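# Coordinate inspection notes
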Amino acid sequence: MNDQALAAATLGADIRALRKARGLTLADLAAVLNRSVGWLSQVERDKSDPSISDLRELAQALGVPMSMLFAHSEAPAEEHGYVVRAGSRRPMGSGEEGLIEELLSPDLTDDFEMVHSTFRAHSKMQKPAHRPTQEVGYMISGKLDLLIGGRAFTVGPGDSFRIKHEPYQWSNPYDEPAVAVWVIAPPVY
């Protein structure tokens, strides 16, 4: 694997991708963190390792769960940046609403991300989300009720759906989990 591909799959590269996806400059994020632009630049270039407290503050400032910044698995060198094994997916979010998500993309440096989502039976998103993204979901199993831009839909295995800069909410009032794969652009996790 070349050095560019290896560099793309690092913590620093993910932080840079998340910062850019939120339209923040180095100076903007550094100001929020009360750190220097130089320090943040070194973190993004993997020249400096942030502390646990730094990671907590970065996650909060970028609006992502801290697990996204912790869970960089060690893939074999020839697979790094190319393959994500089923047992090495990075968990995302807290799962408290009944949604368990895992990153299918090797990192967050692409123009989109792929996410594997499992919606527990009898779970519901508590508050609608409205993100500046385009998202497409594909249902693998189970059923899911969606409210997208004020319109109600029920989707099941083989169905797909799109959310394009609209508020949305999901619920799984059914007796079995629902599983979907999402493509989200730009990356938000």
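Residues numbered from 1 in each chain as written. Predicted model: local features only at pLDDT ≥ 70, side-chain atom pairs only at ≥ 80, totals over all residues. Heavy atoms only, no water.

This next bit is on the confidence of the model for the chain. In the predicted model, the chain carries a mean pLDDT of 85, and 89% of its residues have values of at least 70. Note on residues 1-8: pLDDT under 50 across the span, and 10 contacts to partners over four residues away in sequence or across chains. (pLDDT = per-residue confidence, 0-100. Contact = heavy atoms within 4.5 Å.)

Time to look at the side chain of Ser-105. Its location among the elements puts Ser-105 in the loop between β2 (99-103) and β3 (113-119). Reaching out from Ser-105, the side chain makes a polar contact with the backbone nitrogen of Met-114 at a distance of 2.7 Å. In this structure, Ser-105 is in contact with Val-84, Phe-112, Glu-113 and Met-114, ignoring residues within four places of it in sequence. (Helix = DSSP H or I, 4+ residues; strand = E, 2+ residues; numbered from the N terminus. Polar contact = N/O pair within 3.5 Å; in protein donor to acceptor, adjacent residues only side chain to side chain.)

Time to look at the packing of aromatic side chains. Under the criterion given, the structure shown has 3 aromatic pairs. Where Phe-119 meets Trp-170, the ring centres are 4.8 Å apart and the plane angle is 70°; that geometry is what we call edge-to-face. Residue Phe-119 is found in strand β3, and its partner Trp-170 is found in strand β9 (residues 168-172); the two are separated by 51 residues along the sequence. An aromatic cluster is defined as three or more aromatic residues linked by ring pairs; in this entry it consists of Phe-161, Tyr-168 and Trp-182. The ring of Trp-39 carries the charged tip of Arg-35 above its face, separated from the ring centre by 3.9 Å. (Phe/Tyr/Trp six-rings, centres within 6.5 Å; stacked < 30°, edge-to-face > 60°. Lys NZ or Arg CZ within 6 Å of the ring centre and 35° of its normal.)

Take the sheet that holds strand β6 (residues 144-148) next. The 4 strands lie next to each other as β4-β9-β6-β7, forming an open sheet whose pairing is antiparallel. Only two strands of the sheet have a single partner each, and these edge strands are β4 (123-124) and β7 (151-155). Pairing of β6 with β7 involves 5 bridges; the strand directions are antiparallel. Its bridge partner being in β7, Leu-147 is matched across the sheet by Ala-152. (Pairing = 2+ DSSP bridges.)

We now examine the environment of Leu-104. One can find Leu-104 in the loop between β2 and β3. A residue is classified by how much of its surface remains accessible, and Leu-104, at 23% relative accessible area, is partly exposed. As for Leu-104 and Ser-117, which are separated by 13 residues in sequence, their C-alpha atoms are 10.0 Å apart. Setting aside anything within four residues of it in sequence, one finds Leu-104 in contact with Val-84, Arg-89, Met-114, Val-115, His-116 and Val-181. (Buried < 20%, exposed > 50% of the residue type's maximum accessible area, 1.4 Å probe, protein only.)

We now examine unusual backbone geometry. Here Ala-185 and Pro-186 are connected by a cis peptide whose omega angle stands at -10°. By the secondary structure assignment, Pro-186 is in the segment after β10 (178-185). The residue His-122 is not glycine, and still its phi comes out positive at about 60°. With respect to the helices and strands, His-122 occurs in the loop between β3 and β4. Looking at His-122, the relative accessible area reads 55%, which means it is exposed.

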